[in-house]
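Survey of secondary and tertiary structure
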Amino acid sequence: MNVNLSTADLRQKDAAHHFHPFTDHKTLGLDERRVMVRADGVWMWDSDGNRIMDGMAGLWCVNVGHGRQEIIEAVRSQMSELSYYNTFFKTTTLPAIELAEMLAEITPPQFKMSFFGGSGSDGNDTVVRMVRTYWQMLGKPEKKIILSRVNAYHGSTVAAAALGGMAGMHAQGGVIGDIDHASQPFWFGEGQDMTPEEFGLQAARSLEAKIDELGEENIAAFIAEPIQGAGGVIVPPDSYWPEIKRILDERDILFISDEVICGFGRTGSWFGCQTYGTEPDMMTMAKGLSSGYLPIGAVSISDKIADVFHTVGGEFFHGYTYSGHPACCAAAIANLKIMQREKLVERCASDIGPYLQEHWKKLGEHPLVGEAVMVGLMGAIELVPDKSEPKKRFEPGGEVGNIARDHSFKNGLVMRAVRDRLIICPPLTLTHAEADELAAMATKSLDDTLDDLKKQGRI
Ligand code: PXG
């Protein structure tokens, strides 16, 4: 690409030809388009030379930070050796073998096999087809309903959108049959009439009620993110996951942990299910698997499921051209080696995680903040009009979150707004000094937002 083009020219070209994801194309203005050109560690630079901290690790994925030459070299070397071959028709490749073996080592003990794809969305499509096939193989084809939760995010393909709990996505062609949703464990948003513990139990028991309503004999699986990411970093009350585990243990229903965001150290364990003590039958992974250096996803399959495919037999008619793509596997292998060598999971659990959480707690004292939550290195702050009335929300929802997000960008920090919740998910390599800077930029952004709201007479 001609890097000598001006930012204005680049924006023009982008507006003319590039159809962006999750965008209102009527309202996206020219000047709002930020052209990112370079990144290193937790920092990025745009086409005007502005330096900005990547507080979202790209899109919840760049766990080892930007610009790792080791990954780049591993990909270059793999591409010069074998840039592509498939894993269909009895073939495999060296990187696919090595990555599958590495995943067997780092995932919980029930997982020894993984299927590869290109993203979290196609991974969840794989999950839908695989769990339904599993029950068919066991002679129970009626077990095909998959339960999920309201405000879950599982991706943008048709099946993944249907699994998700986002009404807007369902309305835009994102529906398939035999999917249903239980409640989400969002205490601050929906449960303040109860203690968090009581509400966590209630939210979990909505799954039990759904199972009873639809019939255990018709239900294939329950899928959930350990902590809902795109839904707003919804950290469940402590009572929630143990109760879900009890409900699932009592029933013959598969459990799928969607680890696309929570996997690879984000919550302070290799996988979010380990942070919460659940025992999934399958895990969907993407994002942090390669830290976003190349697109790759995986579905890990427990022995219980793999055994059925191995013993009953019959072809599983499913696969992607890029399943086990050698260059993407090489990127993931190099990424995981960095995570292991630099002990980034342990660092998240006992060093930089607790360090940033302390800052986050202090942000919770800001007059605009109703709740501040963070597990490992994924956090959220909910903006409210009146701290003394934590149930009150800004009307219409989402405007204030966007104002705060825009201030954050101006102040040099990428945060994401989900309604009036600000989200942070920095690379796991964040240093203490960078965490101090992050907190200072977030505080200033809240102060600037408060000033705006006062000027507008909204507060
Ligand atoms: N599961 C979860 C839990 C996710 O967060 C996917 C599946 C789908 O992954 P792919 O690789 O197909 O995008 C995701 C993706 C946001 C945002 O705005 C979140 C995601 C993707 C894009 C935007 O928070 N999560």
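Every value quoted in this text rests on a predicted model; they were computed, and no experiment measured them.

According to the domain assignment, the protein chain consists of domain 1 (34–64 + 345–455) and domain 2 (70–341). Centre-to-centre, using C-alpha coordinates, domain 1 lies 27 Å away from domain 2. The junction of domain 1 with domain 2 conceals about 2,500 Å² of combined surface from both sides, 63% of it contributed by carbon and sulfur atoms. Contact with domain 2 buries surface across domain 1, with Val64, Val345 and Met378 losing the most and accounting together for 27% of the total. One can count one salt bridge joining domain 1 with domain 2. With a shortest N-O distance of 2.7 Å, Asp193 and Lys391 are connected by a salt bridge. Where domain 1 meets domain 2, there are 13 residue pairs in polar contact (both at pLDDT 80 or more). Taken together, the elements giving at least two residues each to the side of domain 1 that touches domain 2 come down to helix 2 (57–60), helix 14 (344–350), strand 11 (369–375), strand 12 (378–383), strand 13 (416–418) and strand 14 (421–424).

Counted under the stated rule, the structure contains 29 salt bridges. For Arg421, the salt bridge goes to Glu382, with nearest N and O atoms at 2.6 Å. A residue pair is termed long-range when its members are at least 10 positions apart, and Arg421 in strand 14 and Glu382 in strand 12 qualify at 39 residues.

Here the focus is the packing of helix 5 (residues 120–137) against helix 12 (residues 303–312). Packing of helix 5 against helix 12 leaves a shortest axis separation of 10 Å and a crossing angle of 55°. When the interaxial angle is binned, helix 5 and helix 12 end up oblique. Read as a crossing pair, helix 5 and helix 12 show a hand that is left-handed. Contacts from Met130, Thr133, Tyr134 and Met137 in helix 5 reach Lys304, Ile305, Val308, Phe309 and Val312 in helix 12. Residue composition of the contact of helix 5 with helix 12, grouped by class: seven nonpolar, one polar and one charged.

The immediate surroundings of the ligand are formed by 16 residues, with Trp60, Gly120, Ser121, Asp258 and Arg416 found nearest. In the model, a nitrogen atom of the ligand is placed 2.7 Å from a nitrogen or oxygen of the Asp258 side chain. Between an oxygen atom of the ligand and a side-chain N or O atom of Arg416, the distance comes to 2.7 Å. Its free accessible area being 540 Å², the ligand has 84% of it covered by the protein chains. For the shell around the ligand, the secondary structure elements donating two or more residues are helix 2 and helix 5. A per-class count over the shell around the ligand returns six nonpolar, six polar and four charged. Per-domain counts for the shell around the ligand show at least three residues from each of domain 1 (34–64 + 345–455) and domain 2 (70–341).

Thresholds applied
Residues numbered from 1 in each chain as written. Predicted model: local features only at pLDDT ≥ 70, side-chain atom pairs only at ≥ 80, totals over all residues. Heavy atoms only, no water. Domains from an automatic or database assignment. Buried area = accessible area lost by both parts, 1.4 Å probe. Salt bridge = Lys/Arg side-chain N within 4 Å of Asp/Glu carboxyl O. Polar contact = N/O pair within 3.5 Å; in protein donor to acceptor, adjacent residues only side chain to side chain. Helix = DSSP H or I, 4+ residues; strand = E, 2+ residues; numbered from the N terminus. Axes fitted to C-alpha atoms, helices over the stretch in contact; angles between N-to-C directions. Parallel < 35°, antiparallel > 145°, perpendicular 65-115°, else oblique. Left-handed = near helix turned anticlockwise from the far one by under 90°. Contact = heavy atoms within 4.5 Å. Nonpolar A, V, L, I, M, F, W, Y, C, P; charged D, E, K, R; others polar. Near = heavy atom within 4 Å. Areas by Shrake-Rupley, 256 points an atom, 1.4 Å probe, with all protein chains shown as cover.

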